Every structure is written in C-alpha cells, then in structure tokens.
Amino acid sequence: MAENKCSGCSKQGSCSVQDEASCPEEKLKKTVSRIKHKLVVLSGKGGVGKSTVAVNLAVGLALQGKKVGLLDVDVHGPSIPRLLSLKKEKPHMEKNYMEPVPWNKNLFVMSLGFLIPSEKEAVIWRGPVKMGLIRQFLEDVAWGDLDYLIVDCPPGTGDEPLSVLQLLGSEAKAIIVTTPQGLAVDDVRRSVTFCAQLENPVLGIVENMSGFVCPKCGERTDVFSSGGGEGLAKEMGVPFLAKIPLDPEVVRSGEEGYVYIKTHQDREPAKEMQKVVQAALKLEQ
C-alpha cells in the first residue's frame, strides 16, 4: 500500500484537505525543494546593518548571474523595499499565488512593506499571525527555481527567525551580523547558540561597521573598536567572513535606494562584502 504522506503532518486528523497535492505541508516542501541554497541573515542585536548585508549579498549574487530570491520577514520594520528603491512597487496577485517584485532579471523580492497600505501604519501582530505570514511568503509566492534564497530577519531569536529556520529546515545556513563592540557581541553570541540548538549550520559571522576608512587618505580609524566579530567567531568555532568598514556612502545608498556593492565596487566596504558573496558561491563547489 502506498505511504500516506500526511502521516507525519502535525495537522493530521484536523485537516480538511482531501487532495494530497493541495496539502500545505506538501506545497511548502515542493517550493523549498526548488531552492538550492537557503541563507538566513540573523543578529541578536538591532542596528548592526543586517538588511544592508542581506541586500548587498543578494545583489552581489544576482550580478554573478545567479537566480536569487530576497525575502524580508521583518514584519514590524520592513526596510528592504527602501534599500532597493522598490517602495512604490506592488506584487502581482492571483487567486492561489503572488509574484515577487523583480529588481532585475535575476533578483526577486518579497516584503510585507509591499502590502501595507501606508508606511505610517503600525503592524501590531502576535506570534501566530507573523508565523502564518512567513509560511505564506514561502508557500504562496511564485519563487520558481532559485540558486539562492536570502532571508532578512529582524533582530533577536524570536518568532520570525525561529519560523524561518523551522520552515526551511536544517539545510538553511545562517549568516550572523554583528558590530565590533562588546555590547553587540554579547547579544550576537546568542544567535550562534540559537542556530546550534535548531541544528542549522552557521555559514559565518560578518563584522559590520568595523572601523572607518577615510575615502581621501585611506587612514583607518576604529570608531567602534575592532575585532569583536572575529573574536566571537574564533570563540564559537564558526567561520569569520568579513570586516566591513564604515563609509558614508553605505548610509547614502540605503537612503536613496541604490546598492553599494554595485555602484562602489572599488571601495574597501564593497571588497569586504564581496567576501560574503564568495563564501555563498563556494556552496556550489
């Protein structure tokens, strides 16, 4: 007798779906199976530049000819549409699916920011609603065949990163972002143990805002100290990917919606961001 694929489902007995092809668990599994590499950008601390790292990683991979999806699951503060100059865009919707917003021919984006009627409107949702939205973004968005799905999470180890890693499974890898100072490192350390408890591998740690390199003279100044992220990687036994220095143009790129790694390829921060891109590309080797 054929195996019942619903036998391991948590909703067995209460689910009203009669057609196995319409089963939410099977639908999710089918969508995720078409994505080769899943990279989740995390941090235990807010304000460390997670979204900036996620956007530059996604664009860097897309510029290498890879098919990339970028999913923003920051429900309360979605920033990806602004960072990619897509704030006025809306996803095309059909009855059973929605299409992600294209940035170029290789990069496709989804965010709650596309769906909120007004950017002034607060999203006041509890955990189960947020978890349902994230599942819908994975199940019902027509991602198609992707080389990479990059997921930008809000800070902490709460509902959103937990839901993403559980839904994507143990193949999903984390990129953890910190700034150098000890206060940030203390919080980010918890992100590493969070991934260990969920049995998701850490691709590596990125130290953002790691000093300031003067664009005129090239002198480096450690504004927020330096080396905290590298030390944390060594302490926790995970790879260290890059030390991205401060540059006023990174801030400006976020405000105006152009992508730093594309427009400032010769500057030091872009070269460090490329190290994160290369670490992702090595997954295909």
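Quick notes on the rules
Residues numbered from 1 in each chain as written. Predicted model: local features only at pLDDT ≥ 70, side-chain atom pairs only at ≥ 80, totals over all residues. Heavy atoms only, no water. Helix = DSSP H or I, 4+ residues; strand = E, 2+ residues; numbered from the N terminus. Rg over C-alpha atoms; globule rule 2.2 N^0.38 Å. Buried < 20%, exposed > 50% of the residue type's maximum accessible area, 1.4 Å probe, protein only. Contact = heavy atoms within 4.5 Å. Lys, Arg positive; Asp, Glu negative; His and termini not counted. Charge placed at Lys NZ, Arg CZ, Asp CG, Glu CD. Core = buried A, V, L, I, M, F, W, Y, C linked by side-chain atoms within 4.5 Å. Polar contact = N/O pair within 3.5 Å; in protein donor to acceptor, adjacent residues only side chain to side chain. Pairing = 2+ DSSP bridges. Expected span 1.5 Å × (residues − 1). Salt bridge = Lys/Arg side-chain N within 4 Å of Asp/Glu carboxyl O.

Enquirer: Quick question: what am I supposed to make of the overall build of the protein here?
Expert: The number of helices and strands found in the protein is 10 helices and 9 strands. Whereas a compact globule of 285 residues would reach a radius of gyration of roughly 19 Å, the protein reaches 19 Å, a difference of no more than 12%. Overall, the protein is about 70 × 40 × 40 Å in size when its C-alpha atoms are taken along their principal axes. In the protein, which comprises 285 residues, the share counted as buried stands at 48%. Intrachain contacts of the protein at a sequence separation of at least 6 include 74% that bridge at least 24 residues. Seen as two clouds, the 35 positive and the 36 negative side-chain charges of the protein have centres 2 Å apart.

Enquirer: Would you take a moment to explain the nonpolar core for this structure?
Expert: Core analysis: the largest hydrophobic core is formed by 81 residues, its most contacted members being Leu70 and Ile150. In terms of residue count, helix H2 (residues 50-63) provides more of this core than any other element does, 8 residues in total. Contact partners of Ile150, with chain neighbours within four places excluded, come to Leu39, Val41, Ala54, Leu57, Ala58, Leu61, Val68, Gly69, Leu70 and Leu71.

Enquirer: Before we go on, may I ask you to explain the side chain of Asn56 in this structure?
Expert: Examined against the element boundaries, Asn56 turns out to sit in helix H2. According to the relative accessible area criterion, Asn56 is buried, its value standing at 4%. At a separation of 2.9 Å, a polar atom in the side chain of Asn56 contacts the main-chain amide nitrogen of Ile261. Beyond its immediate chain neighbours, meaning those up to four positions away, Asn56 contacts Val259, Tyr260, Ile261, Met273 and Val277.

Enquirer: What should I look at first to understand the pairing of strand E6 (residues 173-178) in this one?
Expert: Two faces, one strand: in a regular strand the side chains alternate between the faces of the sheet. Judged by how many residues are buried, E6 sits mostly within the fold: 5 of 6 residues are covered. In terms of strand pairing, strand E1 (residues 35-42) meets E6 through 4 bridges, oriented parallel. Across the sheet, the residue bridging to Val41 is Ile175, located in E6.

Enquirer: Any chance you could explain the environment of Met131 here in plain terms?
Expert: When you line up the elements, Met131 lands in helix H4 (residues 127-139). Taking relative accessible area as the criterion, Met131 reaches 37% and is therefore assigned partly exposed. Taking the C-alpha atoms as reference, Met131 lies 9.8 Å from Leu167; in sequence the two are 36 residues apart.

Enquirer: Where do I start with helix H10 (residues 268-281) in this structure?
Expert: Along an α-helix, a turn takes 3.6 residues, which lines up residues three or four apart on a common side. With 14 residues, H10 ought to run about 20 Å at 1.5 Å a step, and its terminal C-alpha atoms sit 20 Å apart, in line with that. Within H10 the residues assigned to the buried category are Pro269, Ala270, Glu272, Met273, Val276, Val277, Ala279, Ala280 and Leu281.

Enquirer: Would you take a moment to explain the pattern of salt bridges for this structure?
Expert: Any two side chains of opposite charge can pair if their charged atoms end up close together. Within the structure shown, the criterion is met by 19 salt bridges. For Glu255, the salt bridge identified is with Arg82, shortest N-O distance 3.9 Å. Of the two residues, Glu255 sits in helix H8 (residues 248-256) while Arg82 sits in helix H3 (residues 80-83), which places them 173 residues apart along the sequence. A residue is classified by how much of its surface remains accessible, and Arg82, at 37% relative accessible area, is partly exposed. Two residues, Asp247 and Arg267, come together in a salt bridge whose shortest N-O distance is 3.0 Å. One end of the pair, Asp247, is in the loop between strand E9 (240-246) and H8; the other, Arg267, is in the loop between helix H9 (260-263) and H10, with 20 residues separating them in the sequence. Of the residues examined, Asp247 reaches a relative accessible area of 8% and is grouped as buried.

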